[in-house]
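As a plain string of letters, each chain reads:
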Amino acid sequence: MDITRRRLLMLLPAAAVAWKYVLAGTPEASPNYKLTEHWWSMLIDIPKCIGCGSCVRACAEENDVPEGNYRTWIERYHVADWKIERPQVESPDGGKYGFPPQVGDGGKNFFVPKLCNHCADSPCTQVCPVGATFVTPDGVVLVDKNYCLGCRYCVQACPYGCRFINPKTNTAEKCSLCYHRITKGLTTACCEVCPTGARQLADLKNPKDPIHEFLRTHTVQVLKPHMATGAKVFYNGMDGSVR
Amino acid sequence: MKSFKDIEHLLRLAVVIAIAVIAFVVLREAVVPRSFGQYGHYRGAAIPETAARPIAFAGHAACEACHTDVVDQKKLGKHVVVACEACHGALARHAEDPTSMQPKKLDTAVLCARCHEANSAKPPGFPQVATADHSGGLACDTCHQPHRPKIETGKIASGKSETEGKK
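Everything numeric here is computed off the predicted structure, so don't read it as measured data.

The rules we used
Residues numbered from 1 in each chain as written. Chains lettered and ligands numbered in written order. Predicted model: local features only at pLDDT ≥ 70, side-chain atom pairs only at ≥ 80, totals over all residues. Heavy atoms only, no water. Helix = DSSP H or I, 4+ residues; strand = E, 2+ residues; numbered from the N terminus. Buried < 20%, exposed > 50% of the residue type's maximum accessible area, 1.4 Å probe, protein only. Contact = heavy atoms within 4.5 Å. Areas by Shrake-Rupley, 256 points an atom, 1.4 Å probe, with all protein chains shown as cover. Phe/Tyr/Trp six-rings, centres within 6.5 Å; stacked < 30°, edge-to-face > 60°. pLDDT = per-residue confidence, 0-100. Pairing = 2+ DSSP bridges. Buried area = accessible area lost by both parts, 1.4 Å probe. Salt bridge = Lys/Arg side-chain N within 4 Å of Asp/Glu carboxyl O. Polar contact = N/O pair within 3.5 Å; in protein donor to acceptor, adjacent residues only side chain to side chain. Nonpolar A, V, L, I, M, F, W, Y, C, P; charged D, E, K, R; others polar.

## Quick look at the overall build of chain A
Looking only at helices and strands, chain A features seven helices and 11 strands. Evaluated residue by residue, chain A yields a buried proportion of 54% over its 243 residues. The contacts in chain A between residues at least 6 apart in sequence include a share of 65% that link residues at least 24 apart. Carbon and sulfur atoms form 55% of the exposed surface of chain A, whose accessible area is close to 11,800 Å².

## A closer look at the packing of aromatic side chains
Tallied over the full model, the rule gives five aromatic pairs over all chains. With a centroid separation of 3.8 Å and 5 degrees between ring planes, the pair formed by Phe134(A) and Tyr42(B) is classed as stacked. A residue pair is termed interchain when its members come from two chains, as with Phe134(A) in strand β5 (residues 133-135) and Tyr42(B) in the loop between α1 (8-31) and α2 (46-51). No difference in accessibility class separates Phe134(A) from Tyr42(B), as the two residues are buried.

## Points about the confidence of the model for chain A
Averaged over all residues, the pLDDT of chain A equals 90, while 90% of them reach at least 70. Long-range and interchain partners of residues 25-29 of chain A, a stretch whose pLDDT sits below 50, account for six contacts in this model, where long-range means more than four residues apart.

## Here's the deal with the pairing of strand β1 (residues 40-45) of chain A
Residues and elements named next belong to chain A. For β1, the buried fraction is high: six of the six residues fall into the buried class. Across the two faces of β1 the burial is the same, with Trp40, Met42 and Ile44 and Ser41, Leu43 and Asp45 all buried. Strand direction decides the pairing type here: β1 and strand β9 (residues 199-203), joined by five bridges, are antiparallel. For Leu43, the partnering residue across the bridge sits in β9 and is Gln200. Inspection of the sheet shows β1 paired to strand β11 (residues 233-236) by four bridges, in the parallel sense. Note on β11: the bridge partner recorded for Asp45 is Asn236.

## With respect to the environment of Arg12(B)
When you line up the elements, Arg12(B) lands in helix α1. Sequence separation between Arg12(B) and Arg53(B) is 41 residues; the distance between their C-alpha atoms is 54 Å.

## With respect to the interface of chain A and chain B
The partner chain B presents 41 residues to the 52 residues of chain A that form the contact. Of the roughly 4,100 Å² buried at the junction of chain A and chain B (both faces included), carbon and sulfur atoms supply 65%. On the chain A side of the interface with chain B, the three residues burying the most area are Ile50(A), Phe134(A) and Glu192(A), jointly 13% of the side's total. Summed over the shared surface of chain A and chain B, the result is two salt bridges. A salt bridge links Asp144(A) to Arg43(B), with the shortest nitrogen-to-oxygen separation between them at 2.7 Å. At the surface where chain A touches chain B, the tally comes to 12 residue pairs in polar contact (both at pLDDT 80 or more). Considering only residue class, the side of chain A that touches chain B consists of 31 nonpolar, 11 polar and 10 charged.

## A word on the pattern of salt bridges
Counting across every chain of the model gives 11 salt bridges over all chains. Lys108(A) is paired through a salt bridge with Asp239(A); the nearest N and O atoms lie 2.3 Å apart. Of this pair, Lys108(A) sits in strand β4 (residues 108-115) while Asp239(A) sits in the segment after β11, and the two are 131 residues apart along the sequence. Between Glu213(A) and Arg216(A) there is a salt bridge, with its nearest N and O atoms 3.2 Å apart. Here Arg216(A) and Glu213(A) lie together in helix α7 (residues 211-217), a separation of three residues that amounts to about one turn. Exposure remark for Glu213(A): the relative accessible area of 44% places this residue in the partly exposed category. Judged by relative accessible area, which is 63%, Arg216(A) ranks as exposed. One network of salt bridges, in which partners are shared, links Asp144(A), Arg43(B) and Glu49(B).

Here it is as structure tokens:
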């Protein structure tokens, strides 16, 4: 390898961009918050979800999610008695403004809120060519929007369809589990506003967290367990037809 | 030592390789952010950067610090489990400085229906009504007090909180 004048000129802008971050330094982290003392997850109690869309609206407001994109969304399932293997799923505007009245022909109907599963072995972070998305030491999958190229590999890699490209910044975006809130001792915006408690933020490393009692006494499932992603969003009362 | 007679061209090559290696190391040091690799194959500084984002929802604990009368009302009804900002919207700015921003007056006809409009996908135990048949277009708070929604005769008027409905 030889550094020609041409190569050096090509490298200089990259170096200038990187230098900006070096000068900016590390911002002040939340005091008293220790990365290694938490392992975040979420519990979703499907029989409690009323599909009101509060979580979707709160998420959009808290995180400036562009209209038409969703970091969390609600799906309404209609499983006909005679066609259990082909459920009808709809999510008008991500369920942000609620759902039209159901015109059902029997069968069963229910809501399933979805969001990033914050997988411990996440496929999305493995495909990122520049290290712009990663699992934090406290178990949250984040996107470094200052480092993301917008190549969309991660959008394709996520088996749950939880990622999108922000049309303003052209970088990958997804649920951050309200990282700016949970590190301050608050719950996520969606859990804060959920009127029925269908969504619960949980810290698996906190022995006092009620999640442990819940997991012991209930049969929970994750989405697409066959993908072995180590998903950490636990669903209680989930029907087998849920994809 | 005849074979090492023309060692000069090898030295020249070694110098070129040495310069290339040094240039690579120097450039890498300059281009790769300092916190890269702190926790893994990513920029460690991205974690505090993400955490530094300001909050929009204050959290119900912040509301309850001042609006104790509403808390007392809610305790008497089923809406005790519903956080303030589920209906009133994001109010972190109001919690920080109550004079800077006031919550909007809410339209109960829209708000209540978001949760309580009948839908077959809702859990059967959840109270739901077809609003058109139930109230005939009347606003819900004509009969129900939102903080304590069960209709208790004679208690509706006194059930209003002190801060409620004030602009």
